[in-house]
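# A closer look at the structure
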Amino acid sequence: MKRPPFWRNIRVIRVALQILAVAVVVGAFLYLGNNLRNELVEKGLPTDFSFLSQPTGVTIADSDFDPGSPVWRALLVGIKNTFLLVIVGIPFLTILGTLIGVARLSTNWLVAKAAMVYVETLRNIPPLLIILFVFNAVILQLPPPRDPATPLDWFVISNLKIMGPWLASSNGVGAFLIIFLVAVVVAVVVGIWRTRYSEQTGAHSHRVVWSLGVFAVIVLLGYFLTGRPVSISIPVLDGRVITGGFGGLGAYFAVLIALVMYTASHVAEIVRGSIQAVPKGQTEAANAIALSGFQRLRYVILPQAFRIALPPIINQYLNFAKNTSLAIAIGFAEITLVTFQAIGNGYPAPQLILLLMGAYLLFSLTISLLVNILNRRLQLVGN
Amino acid sequence: MKKNLFSNWYNSVLTVVFGALILWVLYALVKYLIGIDTEIIRVNLRLYMAGRFPSEQLERLWGAIYVATATVAFFARATVRNAQTKATEAGLDFERSSWTDVVQRFWPIGALILFTLSFTETITPTLLTLVAAAIGLAAYWLGGMMPMWLIRRSWIILVVGLVGFYAVLVAFGGVGWDLWQGFFVNIVITVAGISLAFPLGLMLALGRRSTLPAVRVLSVTYIEFLRGVPMITLLLMGAFALGFLIPGDFQFSLFLRLLIAITLFQSAYIAEVVRGGLQSVPKGQVEAAQSVGLSPWKTMRLVVLPQALRNVIPAMVGQFISLFKDTTLVFIVGLLDLLRAVQISTAQPEFFAQGLEAVVLPFAALYFWVGSYVMSRESRRLEKKLGVGVR
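The rules we used
- Residues numbered from 1 in each chain as written.
- Chains lettered and ligands numbered in written order.
- Predicted model: local features only at pLDDT ≥ 70, side-chain atom pairs only at ≥ 80, totals over all residues.
- Helix = DSSP H or I, 4+ residues; strand = E, 2+ residues; numbered from the N terminus.
- Buried ≥ 20, exposed ≤ 12 C-beta atoms within 10 Å, placed from the backbone.
- Contact = placed C-beta atoms within 7 Å.
- Rg over C-alpha atoms; globule rule 2.2 N^0.38 Å.
- Axes fitted to C-alpha atoms, helices over the stretch in contact; angles between N-to-C directions.
- Parallel < 35°, antiparallel > 145°, perpendicular 65-115°, else oblique.
- Left-handed = near helix turned anticlockwise from the far one by under 90°.
- Domains from an automatic or database assignment.
- pLDDT = per-residue confidence, 0-100.
- Nonpolar A, V, L, I, M, F, W, Y, C, P; charged D, E, K, R; others polar.
- Bend = angle between axes of the 7 residues up to and from the residue.
- Pairing = 2+ DSSP bridges.
- Core = buried A, V, L, I, M, F, W, Y, C linked by C-beta atoms within 7 Å.
- Expected span 1.5 Å × (residues − 1).

Our focus in this paragraph is the overall build of chain B. Along chain B, the regular secondary structure elements total 17 helices and 0 strands. With respect to the three principal axes, the spread of C-alpha positions in chain B is 75 × 70 × 50 Å. For chain B, the proportion of its 391 residues judged to be buried stands at 33%. A separation threshold of at least 6 residues defines the contact pool for chain B, and within that pool the share at least 24 residues apart is 78%.

Below, the structure written as structure tokens:
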């Protein structure tokens, strides 16, 4: 048999195609990188990351950040602010989204329709527009800082800042924190013990009561033993200065509220779809063994729906985290705005944007990795 | 009524609480709508729709709208004819959708156009819109006389329409895309972004499923990188860093740079959607295609892709909707889109600091809402029509 010529040999073609693809990409990168270096040099900008230790000139509202600090410090403050949005936002959007998703499946016509209107309205509007609306039409319409509202005397609310009560610490708080952590550990251990006990004897575990009880006893004892180191601090208005309490800028709350509302509409759809995706036979089986309505949801439907819903919901968390970058539109100093301002102050855009992308990418990939591990653990055995 | 609302005690409580809440919201809404002063919208309507498009060239914009209308009408006619021919060849019944059907499907857009026209101060825009409607109807009617070769290659209509659209706006001292603004630019970026990102995404998805390791690694890297960063970073890249990557004497406009950024970003998401579709096609389909002697290219084009794309219609349209919503981000890096125009209008001296954001932002939201709503409804309709999940 005669061998085909080499240009029709599939092995040769495969290798050649791959070499071609890699060559094109590498060539493009070399070309662009070369251009980048030339342009930076021509404009008198640094070609490396040494500029990170130069003073920023960026001012960050509501912080004691010194504009003379190096660029990397400003970026760190930006990352901290992004995290503040993400960490506070995720619990809220989960709760709101789940409630609305369940409400959409309610047998009560009015509740189901109201949830549907919420979802269909918010899902189809750009998140940026919602942020602008909440900021301009809600937050900025609050009373001015010189004459803020003080509902219950517990809050100080103005269009610049919103403050609420928080915990204040005094001497001995370190020891109390240690006792607090010990209490958490003991409560978890007690919970596990009660679960085991229930599994072995068949008696009721009452693990929630047991755990909370033990936790409360230890924390209260520790609180008095360490000399009551924690008290409630209420924000007090003194002229234009607010002392005590805890809170944030109006812009922070605008982004938070808007994005929680927007993302919750997506989470609600996932929750609804996941509950509907649990086969009908499961409900019927639960009814056949005479579980109550609550038991059916708690032990049969929700655990299965949770397995289906988890990956897309975590995807929504990622979307939420990425959407916090829209805070740039109303001037909340998260990482994107800080980068933007640094560019405005004459620092080289290519490197700064690369750093910005790298920060988001690191975060996204870490979460994706965790989700993949979780997914493997949640996968049904035998499937 | 009783069963749905008052079946037991907690249902009744829910009904009463929600009823009260809804009544309160409705009351607040009606009160707000009555008290609203739409002066700002009437004064700034052109700014919202077309930005600072030179007013002496405005007829070019209308011309472009006419070209677009005619193109869509011709294309729709060709699509219907094609479906009819195919159905007849296959010996199936063909049911042509009636006019009432079309009205039912697209009435939100019609209502939005009427709503927009209700804010105009002269009669001219209304008349010009009527002309557009007449052109659309005429083109649909004339489309019946299209020769068969053109109907079979309906993409020619789109290409000619695109060239016409661009020529009407730009040729002979017209208005380049640097001055395409307002809601017009949102629409242009959406359409252009979809048409550019879709083929790129398709290629990336095929690359990710390729048997060549190097191609696969490159595609995966690209997709995961872009999906891991927010779109605004890509826009910042387009606005501030892209200029560094190309030699100094060869710079292009902000509009084009942002369009490139959006296309690159969305193609990664579209690639993932297409990949989901490719994975849903059973392996037996490929094997069957091979056993009847189709080439790899034909297997992909005639057997795998049609099924793959059909299976992901909702996800794909969802991606298009999010592209449409994301076009608002361009204002952050300096393009004057609808959202920017709205903000400019509330900063004008006669409207400054009167809380008019509460009027104009919902007004802008309406346009995005209607667009997204119609798109998602069409996707559900298409899905049903193509019988996804039905055998």
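On we go.
Within chain A one finds 11 helices and 7 strands. For a compact globule of 383 residues, the expected C-alpha radius of gyration is about 21 Å, and chain A comes in at 28 Å, more than 25% above that figure. Overall size of chain A, expressed as C-alpha extent along the three principal axes, is 80 × 80 × 45 Å. Evaluated residue by residue, chain A yields a buried proportion of 30% over its 383 residues. For chain A, the share of sequence-separated contacts (at least 6 apart) that also reach a separation of at least 24 residues comes to 67%.

Our next topic: the packing of helix α3 (residues 39-50) of chain B against helix α16 (residues 338-346) of chain B. All names here are of chain B. At their nearest, the axes of α3 and α16 sit 10 Å apart, and the two run at 140° to each other. In terms of their interaxial angle, α3 and α16 are classed as oblique. Considering the relative orientation of α3 and α16, their crossing is right-handed. Contacts between α3 and α16 involve Ile40, Asn44, Leu47 and Tyr48 on the former and, on the latter, Leu338, Ala341, Val342, Ile344 and Ser345.

Turning our eyes to something else, we now look at the interface of chain B and chain A. The interface of chain B with chain A comprises 42 residues on the first partner and 45 residues on the second. Going through the elements one at a time, α1 (2-5), α2 (9-35), α10 (213-227), α11 (231-245) and α17 (357-385) of chain B are the ones with two or more residues in the side of chain B that touches chain A. For the side of chain B that touches chain A, the element with the most residues is α17 of chain B, which contributes 9 residues.

This next bit is on the domain arrangement of chain A. We note that the domain assignment places domain 1 (6-44) and domain 2 (71-124 + 259-378) within chain A. Measuring from the centre of the C-alpha atoms in domain 1 of chain A to the corresponding centre in domain 2 of chain A gives 38 Å.

Residues and elements named next belong to chain B. Of the residues in chain B, 96% have a pLDDT of 70 or more, and the chain-wide mean is 85. At the low end of the mean pLDDT range in chain B sits α1, at 62; at the high end sits helix α9 (residues 182-208), at 92. For this predicted complex, the interface confidence reaches an ipTM of 0.87, while the overall pTM sits at 0.85.

Packed helix pairs are specified by the crossing angle of their axes together with the interaxial distance, meaning the distance between the axes. Axis separation between helix α1 (residues 10-42) of chain A and α10 of chain B bottoms out at 8 Å; the angle between their running directions is 35°. Mapping the contact onto sequence places Gln18, Ala21, Val22 and Val25 of chain A in α1 of chain A and Ala214, Val215 and Leu218 of chain B in α10 of chain B. Across the contact of α1 of chain A with α10 of chain B, the residue classes tally to 6 nonpolar, 1 polar and no charged.

Below, the discussion takes up α11 of chain B. Along its length, α11 of chain B shows its largest kink, about 45°, at alanine 239 of chain B. Burial analysis of α11 of chain B places 13 of its 15 residues in the buried class, the great majority of the element.

A few words on the sheet that holds strand β2 (residues 161-164) of chain A. Residues and elements named next belong to chain A. Strand order across the open sheet formed by 3 strands is β1-β2-β7, with antiparallel pairing between neighbours. Strands at the two margins of the open sheet, each flanked by one partner only, are β1 (156-157) and β7 (246-249). Direction of pairing for β2 relative to β7: antiparallel, over a ladder of 4 bridges. Bridge assignment links glycine 164 to a residue of β7, and that residue is phenylalanine 246.

The biggest cluster of nonpolar side chains holds 160 residues, and the ones touching the most others in it are Leu129, Ile131, Ala254 and Val255 of chain A together with Leu235 and Ala364 of chain B. Of the residues forming this core, the biggest block, 17 residues, is contributed by helix α7 (residues 250-277) of chain A. Setting aside residues no more than four positions away along its own chain, alanine 364 of chain B makes contact with Leu129 of chain A together with Leu338, Leu339 and Val342 of chain B.

The next subject is the domain arrangement of chain B. Residue and element names in this part refer to chain B. The domains assigned to chain B are domain 1 (36-53 + 175-391) and domain 2 (55-174). When each unit is reduced to the centre of its C-alpha atoms, the spacing between domain 1 and domain 2 is 22 Å. Within the residue set of the side of domain 1 that touches domain 2, elements represented by two or more residues are α3 and α17. Considering every element that reaches the side of domain 1 that touches domain 2, the biggest residue donor is α17, with 7 residues. Residue composition of the side of domain 1 that touches domain 2, grouped by class: 10 nonpolar, 2 polar and 3 charged.

As a further point, take helix α9 (residues 293-323) of chain A. Residue and element names in this part refer to chain A. Between the first and last C-alpha of α9 there are merely 38 Å, a value that for 31 residues lags more than 12% behind the 45 Å anticipated at 1.5 Å per step. Helix geometry: α9 is bent most strongly at alanine 309, by close to 45°, with proline proline 311 lying one to four residues after it. Taken residue by residue, α9 has Ala305, Ala309, Ile313, Gln316, Leu318, Phe320, Ala321, Lys322 and Asn323 as its buried positions. Buried residues in α9 make contact with α2 (71-104), α4 (127-138), α7 and α11 (349-378).

Our focus in this paragraph is the environment of threonine 195 of chain A. Residue and element names in this part refer to chain A. Looking at the secondary structure, you find threonine 195 in helix α5 (residues 173-201). Among the residues examined, threonine 195 registers 13 C-beta atoms within 10 Å and is labelled partly exposed. The sequence separation of threonine 195 and tryptophan 166 amounts to 29 residues, and the corresponding C-alpha distance is 35 Å. Every residue in contact with threonine 195, bar those within four places of it in the chain, is listed here: Ser205 and Arg207.

This next bit is on the confidence of the model for chain A. Summing up the model confidence of chain A, the mean pLDDT is 83 and the portion of residues at 70 or higher is 94%. Mean pLDDT across the secondary structure elements of chain A bottoms out at strand β6 (residues 241-243) of chain A, with 67, and peaks at α7 of chain A, with 91.

Here we come to the environment of tyrosine 140 of chain B. All names here are of chain B. With respect to the secondary-structure elements, tyrosine 140 resides in helix α6 (residues 124-142). Assessed through the 18 C-beta atoms surrounding it within 10 Å, tyrosine 140 is described here as partly exposed. Tyrosine 140 sits 69 residues away from threonine 71 along the chain, and the two C-alpha atoms are 9.3 Å apart. Excluding anything up to four places from it in sequence, tyrosine 140 contacts Ala73, Ala76 and Arg77.

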